[in-house]
Amino acid sequence: MNAREVDVVVIGAGAVGENVADRTVQGGLETVIVEEELVGGECSYWACMPSKALLRPGAAVRAAQAVGGAAEAVTGEIDAQAVFRRRDRITHDRSDDSQVEWLDGAGIALLRGHARFTGPRRLTVTASDGTVTELVARHAVAVCTGSVPVLPDVPGLAELEPWTTRDATSASEVPATLAVLGGGVAGCELATAYANLGSRVTLIARHGLLGGMEPFASELVRESLEATGVRVMTDTDVVQAHRAEQNAVLTLGDGGRVLAERVLVATGRVGRTHDLGLEELGLVAGTGIDVDDTMRVPGSDWLYAVGDVNGRVKLTHQGKYQARAAGDAIAARAAGRPVDDAPWGAHVATADHSAVPQVTFTDPEIASVGLTASAAEQAGLRTRVLDYDLSWLAGATVYADDYRGQARAVIDLDRNVLVGATFAGPDVGELLQAATIAIVGEVSIDRLWHAVPAYPTVNEVWLRWLEALGRPGSQTESPE
C-alpha cells in the first residue's frame, strides 16, 4: 500500500470540494482532492447545468411568444434532440478534462478513487484498478461528497427502476408519458422541462408544490404547469407500484391509478455518507454530518463537512459559500491565526441561517431570499408584508404583452430592514441579488429610498414597496 502524508485531504471534487481545496492551497497548505467519478461533480454533469440547459429552450420560446412581432417568428416545435445536443455541449459530453486542467493550474493534487476513513485523519483511497493509497492529513479532512436521492418506501417502486434526477438530466429520449413523484424544486423543474419537450407529464406530490416558499409562488407554478398540459396531483400518496406491459402503474392512496412509460423520483436527497467509514470516527453513516458555522464537526479539531453532506442548505452556491469559509478557517487554524467565527465573520457561513437565495427555473421563475411571511411570524418578528403585482410596472409592459408576476417583501418593523423577498415572473432571478444584498447588509428602509431603480424596468417594484410603506418624515408615511 502506498502511503502519503499531506496537509489537507478533500473528499469530493465537485464545486464544493474544489472551493475548499482552492482556499486551503491559497492558504499555503498542500492539498489532495479525492474523486471517484468526474471532477466537477453533480452540478456540472447531472444537476444544475444540464437541468437548466433542458429548461432554457422552453423559456426562450415562451419569451418570444409573449411579445407581438416576435411571436409571429415562432413557427415550429422545440427540437428535443437539438436540446439534448446543446445540453451535452454544456456538460462537455461528461468529460472532466477542463476541470482537471483547472485543478492542475490551481496547484491541487488529484487522486482518483473511493475514499474511506480508517481512523482519525487517516483514509484509504481505492482506485478503479484496485490500487490502494493511504492518506494521512496533518491538519484537516473535508468531506464534500454531496447528496444522493432518497427512494420512497413504496412496494414495487424499486422494481420499476425509476429515473432519479440524474437519469432525467442525462436522458437522450423523451418518454411519451412521465410520472414525476415530488413537488419540490427538482420535481417542478423537471416536470416543466419534459412537458416542454413533448412528454405528457403527471406530477404527484404528497403535499403541495414548492413547500417552504410563499403560497402565491406555488399557485402560479401550478397554474402554469396545468396550462402546459401537466396533470398536477397534490396531497396524494403513491402506495404501490408495478409494471404492466409498457407502462408503470402507480396506485394512489385513494385507489386511483396513474400509468406512465417512465417514473421520475424527485422526493428528496440525503447526505452521501453511506460508504465512507464514518463509523471509524464514531459517526453515523447514511445521514448528514452536523457541523458548526465554520463547517467543523463538533468535538473534532480536524474534521469538516461542507455542502449537501452537512444538510444545512442543499444548494450549489450555498455549498460554495460554505466551502470558502471552511477552507479559510482550515488555513487559519493550521497557521495558528485567529478564526473569525462571530456572526458574519470571515470564517463562518452565517447566511445559511437567514439569507439563502434560491432561483427555481419553472414557469414562472421563482426567486426568493430570506424569510417567508410565515417563517418571519414563527420567528416572532413584528413584520409588515408588502405584496405587488409586477404586471402593473412599466417595465413589465415592455417586457411582455401579457406579463404575469407577483412580488412580496417582508419588513422587520423593529429593525426597519428587509428580512425576506420573493419574486415570481419571467427572469426574476436577475432581481434577486439586490434583495440578498439588502438582507445581508441590513440596509435600512430609509436608505433604500436613495437606491433609485432604473426606468422602465421590473426593478421598480422596489419603489412600489417603499411607497406602500410611506416615505420617512412625510405626510404619506404609512402607519404600522
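Please refer to the structure higher up on the page.
Rules used in this analysis
Position numbers for residues start from 1 in each chain and track the written sequence from start to end. In keeping with the predicted nature of the model, local features appear solely for residues at pLDDT of at least 70, side-chain atom pairs appear and are counted solely at 80 or more, and the whole-chain, interface and lining totals rest on all residues. Values shown for side chains rest on all heavy atoms present in the structure; no hydrogens or waters enter the calculation. Secondary structure elements are defined from DSSP: runs of H or I of at least 4 residues count as helices, runs of E of at least 2 residues count as strands, and each element is numbered from the N terminus. Within these notes, the globule rule equals 2.2 Å times the number of residues to the 0.38 power, and the radius of gyration is based on C-alpha atoms. Under the scheme applied here, a residue whose accessible area is under 20% of the maximum for its type counts as buried, over 50% as exposed, and between as partly exposed, the area being computed with a 1.4 Å probe on protein chains only. Charge counting treats Lys and Arg as positive and Asp and Glu as negative, with His and both chain ends excluded. In plain terms, the charge of a residue is placed at NZ if it is Lys, CZ if Arg, CG if Asp and CD if Glu. How far a helix is expected to stretch is found by multiplying one less than its residue total by 1.5 Å. It only takes one pair of heavy atoms within 4.5 Å for two residues to be counted as in contact. Strands were regarded as paired on the criterion that DSSP finds at least two bridges between them. To obtain an axis, a line is fitted to C-alpha atoms, over the contacting stretch when the element is a helix, and the angle between two such axes runs from 0 to 180 degrees between their N-to-C directions. The disulfide definition used here is simple: a pair of cysteine sulfur atoms within 2.5 Å. We define a salt bridge as a side-chain nitrogen of Lys or Arg found within 4 Å of a carboxyl oxygen belonging to Asp or Glu. Should an angle fall under 35 degrees it is taken as roughly parallel, and over 145 as roughly antiparallel, whereas 65 to 115 is taken as roughly perpendicular and any remaining angle as oblique. Helix crossings fall into two classes, left-handed where the near helix is turned counterclockwise from the far one by less than a right angle and right-handed where it is turned clockwise. Three categories are distinguished: nonpolar for Ala, Val, Leu, Ile, Met, Phe, Trp, Tyr, Cys and Pro, charged for Asp, Glu, Lys and Arg, and polar for the others, with Gly belonging to the last. Residues belong to one nonpolar core when they are buried, are Ala, Val, Leu, Ile, Met, Phe, Trp, Tyr or Cys, and are joined through side-chain atoms within 4.5 Å. In the analysis that follows, any N or O atom pair within 3.5 Å is treated as a polar contact, provided that within protein one partner can donate a hydrogen and the other can accept it, and provided that, for residues neighboring in sequence, both atoms belong to side chains.

## Section: the overall build of the protein
Then step 1. Each helix and strand counted, the protein has 15 helices and 21 strands in total.
Then step 2. For the protein, the C-alpha radius of gyration of 24 Å lies close to 23 Å, the compact-globule estimate for 480 residues.
Then step 3. If you line up the protein on its principal axes, its C-alpha atoms span 70 × 70 × 45 Å.
Then step 4. Taking all 480 residues of the protein together, 49% fall into the buried category.
Then step 5. The averaged location of the 64 negative side-chain charges in the protein is 1 Å from the averaged location of its 40 positive side-chain charges.

## Some points on helix H8 (residues 215-228)
Then step 1. Between its first and last C-alpha atoms H8 spans 20 Å; for 14 residues at 1.5 Å apiece the expected length is 20 Å, and the two agree.
Then step 2. Its buried side turned inward, H8 meets helix H7 (185-196), strand S9 (200-204), strand S10 (231-233), strand S18 (365-370), strand S20 (406-412) and strand S21 (417-425).
Then step 3. Glycine 229 occupies a position one or two residues after H8 and carries a positive phi of about 105°.

## A word on the sheet that holds strand S11 (residues 238-244)
Then step 1. Read from one edge of the open sheet, three strands run S11-S12-S13, paired in antiparallel fashion. Strands with a single pairing partner mark the edges of an open sheet, and in this sheet they are S11 and strand S13 (257-260). Here the average twist between neighbouring strands, direction ignored, is 20°.
Then step 2. Strand direction decides the pairing type here: strand S12 (residues 247-252) and S13, joined by four bridges, are antiparallel.

## Focus on the state of the cysteines
Then step 1. According to the stated counting rule, one finds zero disulfides in the structure shown.
Then step 2. Distance from the sulfur of cysteine 144, which forms no disulfide, to the nearest cysteine sulfur (cysteine 43) is 14 Å.

## Considerations on the pattern of salt bridges
Then step 1. Taken as a whole, this structure holds 28 salt bridges when the rule is applied.
Then step 2. The residue arginine 312 makes a salt bridge to aspartate 352 at a minimum N-O spacing of 2.7 Å. Taken as a pair, arginine 312 in the loop between strand S16 (303-305) and helix H9 (316-334) and aspartate 352 in helix H10 (residues 351-354) lie far apart in primary sequence, 40 residues in all.
Then step 3. According to the relative accessible area criterion, arginine 312 is partly exposed, its value standing at 23%.
Then step 4. We note a salt bridge from aspartate 412 to arginine 415, for which the minimum N-O separation is 3.1 Å.
Then step 5. For aspartate 412, a relative accessible area of 4% puts it in the buried group.

## Observations concerning the packing of helix H3 (residues 48-65) against H7
Then step 1. For the pair H3 and H7, interaxial distance at closest approach is 9 Å and the crossing angle is 60°. Classified by the angle their axes make, H3 and H7 are oblique. As H3 packs across H7, the resulting crossing turns out to be left-handed. Every residue of H7 that contacts H3 at Ser51, Lys52, Leu54, Leu55, Gly58 and Arg62 is listed here: Glu189, Thr192, Ala193 and Asn196.
Then step 2. When its residues are assigned to classes, the contact of H3 with H7 shows three nonpolar, four polar and three charged.

## Some words on the pairing of S18
Then step 1. Counting buried positions along S18 gives five out of six residues, so the element sits mostly inside the fold.
Then step 2. With three bridges joining them, strand S17 (residues 358-360) and S18 adopt antiparallel strand pairing. Opposite threonine 360, over in S18, you have isoleucine 366 as the bridge partner.
Then step 3. Adjacent in sequence and paired antiparallel, S17 and S18 are bridged by four residues.

## Describing the packing of helix H1 (residues 15-26) against helix H5 (residues 97-106)
Then step 1. Direction vectors running N to C along H1 and H5 enclose 15°, while the axes themselves pass 10 Å from each other. Classified by the interaxial angle, the pair formed by H1 and H5 is roughly parallel. Regarding H1 and H5, the two cross each other, and that crossing is left-handed. Contacts between H1 and H5 involve Glu18, Asp22 and Val25 from the first element and Gln99, Trp102, Leu103 and Ala106 from the second.
Then step 2. A class-by-class count of the residues in the contact of H1 with H5 yields four nonpolar, one polar and two charged.

## Here we look at the nonpolar core
Then step 1. Val9, Ile11, Phe117, Val141 and Val306 are the most contacted members of the largest nonpolar core, which has 47 residues in total.
Then step 2. The element contributing the most residues to this core is strand S6 (residues 132-143), with six residues.
Then step 3. Filtering out sequence-adjacent residues up to four positions away, valine 141 remains in contact with Val9, Ile11, Phe117, Arg121, Leu123, Trp302, Leu303 and Tyr304.
Then step 4. Listed in part, the 33 residues of the second largest apolar core include Ala195, Leu203, Leu210 and Ala424.

## With respect to unusual backbone geometry
Then step 1. A cis amide bond links aspartate 363 to the next residue, proline 364, at an omega of 0°.
Then step 2. Inspection of the secondary structure puts proline 364 in the loop between S17 and S18.
Then step 3. Despite not being glycine, aspartate 93 shows a phi value in the positive range, around 50°.
Then step 4. Along the chain, aspartate 93 turns up in the loop between helix H4 (80-90) and H5.
Then step 5. Exposure remark for aspartate 93: the relative accessible area of 59% places this residue in the exposed category.

## As for the side chain of threonine 350
Then step 1. Mapped onto the elements, threonine 350 comes out in the loop between H9 and H10.
Then step 2. Using a relative accessible area of 9% as the deciding quantity, one classes threonine 350 as buried.
Then step 3. From its side chain, threonine 350 meets the backbone nitrogen of tryptophan 344 in a polar contact 2.7 Å long.
Then step 4. When near neighbours in sequence (up to four residues on either side) are disregarded, threonine 350 contacts Asp293, Tyr321, Ala342, Pro343 and Trp344.

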